[in-house]
Amino acid sequence: MATASSARTRGQVAHPSGARIIELLKESGVGEVVALPDIVTSDGLLWPISRDPAIRLTRVCKEDEGVSICAAMSCNGTRAVLLMQQTGLMDSLNAIRAIGIDYQRPVVMLVGLLEKEPHLPASKSAAYGVRIVEPVLRAMGISHSSIEEPGDVESIVHLIDEAYANSRPHVFLIGRAPVAP
Amino acid sequence: MTIRRDEALRTLVPLVHDNDIVVAVYQTNFDWMGINPRPLNYVAVGAMGQATSHGLGLALANPERRVFVFDGDGSLLMNLGALVTVAGAGVTNFYHFVFANRVYEVNGDQPIPNAENVDFAGFAAAAGYAMSRSFDDLDEFARAVPRILELAGPQMVSLETVPGEPYPRNYDYIHSAEARKTFEDALNGRK
């Protein structure tokens, strides 16, 4: 369940709970995380995941490796998520296009938005690299949702279930650093 | 010396068991489908360079099966970091064959960068594979490969190859939903 820490604030806004996100990943049947470090999610997600015996962490050298690893794992129903920052998402677009869209593989991605201001939506960010993410995903027809407020994490189970049920990618855009457990 | 690719693949046919997974790329994939069509051939990697990563995902999720990756040299060069990832993942069921023809064969036979000098087995050794070897002689390869497949992975075998008998490039099939369904049905024991 949500912890008290999820309601903590950093500056003027509340941040989601890393512990709750991990809890919901497990509830979704995710036992595999493929990752490159991302400063937005490093303390709240990747470090705790690396210490969690219920999750196998595969560290990759480049994000498009993770697209293929997650897709291949799905062939026998193994559920995985790819954790990265948006620069890696942008770098992996061809793999996501080919494997996720053309081949209809359920690749689920948790993407930290580097340099996004926590109090602003991505569309209002001063950072060009942040502002373009959602338009790019829309142009590619890739399902995506935002994790900003603590309550946003409660959609994780449903959206992961949908991605696997419909065999298609989904991107969670994490715009505020999850609070470390 | 060099090895004809079709002869190298025919050498591997009796060593690949029914429950093994084979991930192959480009012309090696087309040749393998012609020589040894089987439901557990994973024929589509989507993006060039991704065979190693698909193979790793399959190896991690299916530890009871051996996974063979029949890679291209140009393909592997696009994703060299994957060698480090594979070694780090410690997949003992992972057998990586690089068919090194030193050109981008399906893209006009253009040479790979630094074609004369690249050492693929050296890359794998440096990345931390359990073992890696190179062969440019078919008989030597045929004598050595059964023993290599008895060893725990990840293993790398780099083969200096030239084209052999040409097999048709059936892109429509490898990219088809039918191919993916055939593989997944076989993987999951569905008829």
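All values derive from a computational prediction rather than experimental measurement.

Caption draft 1: Quick look at the overall build of chain A. For chain A, the helix and strand inventory stands at 8 helices and 8 strands. Expected size for 181 residues packed as a compact globule is a radius of gyration near 16 Å; at 15 Å, chain A falls within 12% of this value. C-alpha atoms of chain A, sized along the principal axes, occupy 40 × 35 × 30 Å. A total of 181 residues make up chain A; the buried ones form 48% of that total. Counting only contacts in chain A whose residues sit at least 6 apart along the sequence, the fraction spanning at least 24 positions is 77%.

Caption draft 2: Here's a closer look at the overall build of chain B. Looking only at helices and strands, chain B has 9 helices and 9 strands in total. Whereas a compact globule of 191 residues would reach a radius of gyration of roughly 16 Å, chain B reaches 15 Å, a difference of no more than 12%. Seen through its principal axes, chain B has C-alpha atoms that stretch 45 × 35 × 30 Å. Restricting to contacts in chain B with at least 6 residues of sequence separation, those with at least 24 account for 75%.

Caption draft 3: Inspection of the interface of chain B and chain A at higher detail. Across the contact, 25 residues belong to chain B and 22 residues belong to chain A. Only α3 (51-61), α5 (81-89) and α9 (177-187) of chain B provide two or more residues apiece to the side of chain B that touches chain A. For the side of chain B that touches chain A, the element with the highest residue contribution is α3 of chain B, accounting for 7 residues. Taken together, the residues of the side of chain B that touches chain A sort by class into 12 nonpolar, 11 polar and 2 charged.

Caption draft 4: Region of the structure containing the environment of P150 of chain A. Mapping P150 of chain A onto the fold places it in the loop between β7 (143-147) and α8 (156-166). P150 of chain A sits 129 residues away from I21 of chain A along the chain, and the two C-alpha atoms are 9.6 Å apart.

Caption draft 5: Inspection of the nonpolar core at higher detail. V81, M109 and V111 of chain A together with V22, V23 and L159 of chain B are the most contacted members of the largest nonpolar core, which totals 110 residues. Beyond its immediate sequence surroundings of up to four residues, V81 of chain A is in contact with L25, V30, V33, V108, M109 and L110 of chain A.

Caption draft 6: The arrangement of the sheet that holds strand β5 (residues 79-85) of chain A in detail. Residues and elements named next belong to chain A. If you walk across this open sheet you meet the 6 strands as β4-β3-β5-β6-β8-β7, and the pairing is parallel. Strands with a single pairing partner mark the edges of an open sheet, and in this sheet they are β4 (56-59) and β7. Averaged over all pairs of adjacent strands, the angle between their axes in this sheet comes to 20 degrees, without regard to strand direction.

Caption draft 7: Spatial organisation of α3 of chain B. Burial within α3 of chain B is extensive, with 11 of its 11 residues counted as buried. What α3 of chain B keeps buried is the set A51, T52, S53, H54, G55, L56, G57, L58, A59, L60 and A61 of chain B.

Caption draft 8: Looking closely at the pairing of strand β9 (residues 155-162) of chain B. Residues and elements named next belong to chain B. Summarising burial for β9: 7 of the 8 residues are buried, a large majority. As judged from the 2 bridges shared by strand β1 (residues 3-4) and β9, these two strands associate in the parallel manner. In the strand pairing of β9, I3 is matched with T161. Pairing of strand β5 (residues 94-100) with β9, which is carried by 6 bridges, proceeds in the parallel orientation. Across the sheet, F97 pairs through a bridge with V157, a residue of β9.

Caption draft 9: Region of interest: the packing of helix α1 (residues 5-12) of chain B against helix α7 (residues 138-148) of chain B. Residues and elements named next belong to chain B. Where α1 contacts α7, the axes come no closer than 10 Å and their chain directions differ by 20 degrees. Overall, the two elements α1 and α7 adopt an arrangement that is roughly parallel. The two elements α1 and α7 cross, and the hand of that crossing is right-handed. In contact with E7, A8 and T11 of α1, α7 contributes L138, F141, A142 and V145. A per-class count over the contact of α1 with α7 returns 5 nonpolar, 1 polar and 1 charged.

Caption draft 10: Examining the confidence of the model for chain A more closely. When pLDDT is averaged along chain A, the result is 94, and 94% of the positions lie at 70 or above. The low-confidence segment residues 1-10 of chain A (pLDDT under 50) makes 21 contacts with residues lying over four places distant or belonging to another chain.

Quick notes on the rules
Residues numbered from 1 in each chain as written. Chains lettered and ligands numbered in written order. Predicted model: local features only at pLDDT ≥ 70, side-chain atom pairs only at ≥ 80, totals over all residues. Helix = DSSP H or I, 4+ residues; strand = E, 2+ residues; numbered from the N terminus. Rg over C-alpha atoms; globule rule 2.2 N^0.38 Å. Buried ≥ 20, exposed ≤ 12 C-beta atoms within 10 Å, placed from the backbone. Contact = placed C-beta atoms within 7 Å. Nonpolar A, V, L, I, M, F, W, Y, C, P; charged D, E, K, R; others polar. Core = buried A, V, L, I, M, F, W, Y, C linked by C-beta atoms within 7 Å. Pairing = 2+ DSSP bridges. Axes fitted to C-alpha atoms, helices over the stretch in contact; angles between N-to-C directions. Parallel < 35°, antiparallel > 145°, perpendicular 65-115°, else oblique. Left-handed = near helix turned anticlockwise from the far one by under 90°. pLDDT = per-residue confidence, 0-100.

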